[in-house]
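Here's the letter readout for the chains.
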Amino acid sequence: MGYEYIVVSTHGSVGEINLNRPDAMNALCAGLMEEVGTALTAFAADDTINAVLITGGEKAFAAGADIKDMAHLNCVEAIQDDFPFSASGWTVLKDYRKPVVAAVAGYCLGGGCELAMSCDFIVAADTARFGQPEVKLAIMPGAGGTQRMARAVGKARAMELCLTGRLMDAEEALQAGLVAYTTSAGRLHADALATAQRIAAHSSTSTQLIKESINQAFEMPLSSGLLFERRMFQTCFATEDRTEGVNAFIEKRPPAFRNR
Ligand code: DAK
């Protein structure tokens, strides 16, 4: 399928979505987020894909929602269209079951930062700059910025970032817990892809249950989360891949998982 704002590729069992609207710093116009939704849906249905990598450009992962799209929007239209949630990328990603890694270089602002935080984790280049600058436009984060940022970096820093609109560099983002690890800009794609491929080499039943269980940690009290995790753990014993993984260890050979 032909895309205007993204480039889609596969690397073995990793599907990559490259945000590609360089003239506008990858601003997330409705068309771009619709294409992200379409590509994610296609990867979800593809049994050969076990993990997804979302990448941007050298200068920007994404500098936010498209401010020019918002210029003439009024409150009633925003509510009626559920702007910009009407573009499927946001909703598809929120409930996505396969692991998704974001590789961030350059500006990662506003909706761009919210998109990256909607992924399972972020790998950042040393050039990455994160922020929720919506306050400067007299609006506020609307796609999870206040919620996911507070969970990632804690109340004090989330408040300070969202209320001032200042940007945070990759090193600070690492120390604050917003990103999993940092690397050089030159190594970002190779390193993030290698991480995604490492995830994708595992049984997808196992990786999806792990993702679901970690996400439940943010939804449930500890006792319910521990019970949920235990039931998911027990479920693993029903899979052919569990038998293969354990036998491969005992027989000192690499496992051949079949996602069954
Ligand atoms: N929207 C539209 N165009 C943008 C843009 C954006 N967010 N960011 C950059 N551009 C465009 C610029 O207008 C410029 O276009 P031309 O003038 O060449 O036509 C081009 O990209 C290059 O940008 P600059 O000339 O400004 O480049 P600089 O290197 O000087 O500065 C910058 C880069 C990233 C610091 C600067 O462009 C900037 O501050 N951009 C705006 C950042 C921002 O305020 N972001 C937050 C936007 S509000 C929701 C989902 C999402 C959202 C809310 C709800 N739901 C699902 C409910 C999100 C809201 C937001 O993100």
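Higher on the page you've got the structure.
Computed from a predicted model, the values in this text were never measured in an experiment.

### Concerning the overall build of the chain
Reasoning step 1: The number of helices and strands found in the chain is 12 helices and 10 strands.
Reasoning step 2: For 260 residues, the compact-globule estimate of 2.2 N^0.38 gives 18 Å, and the C-alpha radius of gyration of the chain, at 19 Å, lies within 12% of that figure.
Reasoning step 3: In terms of its C-alpha atoms, the chain occupies a principal-axis envelope of roughly 60 × 45 × 40 Å.
Reasoning step 4: Residue burial in the chain is summarised as follows: out of 260 residues, 43% are buried.
Reasoning step 5: The long-range share in the chain, meaning contacts at least 24 apart out of those at least 6 apart in sequence, stands at 67%.
Reasoning step 6: With 23 positive and 30 negative side-chain charges, the chain shows a separation of 8 Å between the mean positions of the two kinds.

### Quick notes on the environment of Pro 255
Reasoning step 1: Here Pro 255 shows up in the segment after α12 (240–250).
Reasoning step 2: Linking Pro 255 and Gly 12, residues 243 residues apart in sequence, is a C-alpha distance of 17 Å.
Reasoning step 3: In this structure Pro 255 touches Glu 244, Gly 245 and Ala 248, once residues within four positions along its chain are discounted.

### Side note on the packing of aromatic side chains
Reasoning step 1: Scanning the entire structure with this criterion turns up 1 aromatic pair.
Reasoning step 2: With centroids separated by 5.2 Å and ring planes inclined at 70°, the aromatic side chains of Phe 233 and Phe 237 adopt a geometry described as edge-to-face.
Reasoning step 3: Residue Phe 237 is classed as partly exposed on the basis of its relative accessible area, which comes to 45%.

### Things to note about the sheet that holds strand β5 (residues 100–104)
Reasoning step 1: The 6 strands lie next to each other as β1-β2-β3-β5-β7-β10, forming an open sheet whose pairing is mixed. Each of the sheet's edge strands pairs with one partner strand only, and the pair in question is β1 (6–11) and β10 (181–183). Pairs of neighbouring strands in the sheet enclose a mean axial angle of 20°, with direction left out of account.
Reasoning step 2: The pairing of strand β2 (residues 14–19) with strand β3 (residues 51–55) spans 5 bridges and is parallel. By the bridge assignment for β3, Glu 16 is matched with Leu 53.

### Digging into the nonpolar core
Reasoning step 1: Counting residues in each nonpolar core, the largest one holds 45 residues, and the members touching the most others are Ile 17, Leu 19, Phe 61, Phe 130 and Leu 178.
Reasoning step 2: It is helix α1 (residues 30–45) that contributes the most residues to this core, 6 residues altogether.
Reasoning step 3: In contact with Ile 17, other than residues within four places in its own chain, are Ile 6, Val 7, Val 36, Ala 39, Leu 40, Phe 43, Val 52, Leu 53, Ile 54 and Thr 55.
Reasoning step 4: Leu 53, Val 101, Ala 103 and Leu 188 belong to the second largest nonpolar core, which has 14 residues in total.

### With respect to helix α6 (residues 145–153)
Reasoning step 1: Every buried residue belonging to α6 is among Gly 145, Met 149 and Val 153, and all of these are buried. Here the buried residues of α6 occupy an arc of 20° about the axis, which is enough to place them on one side.
Reasoning step 2: Contact partners of the buried residues in α6: α5 (111–118), α7 (155–164) and α8 (170–176).

### A look at the pattern of salt bridges
Reasoning step 1: Within the structure shown, the criterion is met by 11 salt bridges.
Reasoning step 2: Residue Arg 187 is joined to Asp 191 by a salt bridge in which the shortest nitrogen-to-oxygen separation is 2.7 Å.
Reasoning step 3: Taken together, the salt bridges that share partners define one network made up of Arg 157, Glu 160, Arg 166 and Glu 172.

### A few points about the pairing of β5
Reasoning step 1: The buried fraction of β5 is high, at 5 of 5 residues.
Reasoning step 2: Here β5 shows no split at all, with Val 100, Ala 102 and Val 104 on one side and Val 101 and Ala 103 on the other all buried.
Reasoning step 3: Here β3 pairs with β5 via 4 bridges, running parallel. Note that in β5 the partner of Leu 53 across the bridge is Val 101.

### Quick look at the site of the ligand
Reasoning step 1: Taken together, 26 residues are adjacent to the ligand, and Ala 63, Ala 65, Ile 67, Phe 85 and Gly 111 come closest.
Reasoning step 2: At 3.0 Å, a side-chain N or O of Lys 68 approaches an oxygen atom of the ligand.
Reasoning step 3: Compared with its free state, where it exposes 1,100 Å², the ligand has 66% of that area covered by protein.
Reasoning step 4: Elements with a minimum of two residues in the shell around the ligand: α2 (67–70), β6 (107–109) and α5.
Reasoning step 5: Sorting elements by how many residues they give to the shell around the ligand places α2 first, with 3 residues.
Reasoning step 6: Of the residues belonging to the shell around the ligand, the class tally is 17 nonpolar, 4 polar and 5 charged.

Cut-offs and rules
Residues numbered from 1 in each chain as written. Predicted model: local features only at pLDDT ≥ 70, side-chain atom pairs only at ≥ 80, totals over all residues. Heavy atoms only, no water. Helix = DSSP H or I, 4+ residues; strand = E, 2+ residues; numbered from the N terminus. Rg over C-alpha atoms; globule rule 2.2 N^0.38 Å. Buried < 20%, exposed > 50% of the residue type's maximum accessible area, 1.4 Å probe, protein only. Contact = heavy atoms within 4.5 Å. Lys, Arg positive; Asp, Glu negative; His and termini not counted. Charge placed at Lys NZ, Arg CZ, Asp CG, Glu CD. Phe/Tyr/Trp six-rings, centres within 6.5 Å; stacked < 30°, edge-to-face > 60°. Pairing = 2+ DSSP bridges. Axes fitted to C-alpha atoms, helices over the stretch in contact; angles between N-to-C directions. Core = buried A, V, L, I, M, F, W, Y, C linked by side-chain atoms within 4.5 Å. Arc of directions from axis to C-beta. Salt bridge = Lys/Arg side-chain N within 4 Å of Asp/Glu carboxyl O. Near = heavy atom within 4 Å. Polar contact = N/O pair within 3.5 Å; in protein donor to acceptor, adjacent residues only side chain to side chain. Areas by Shrake-Rupley, 256 points an atom, 1.4 Å probe, with all protein chains shown as cover. Nonpolar A, V, L, I, M, F, W, Y, C, P; charged D, E, K, R; others polar.

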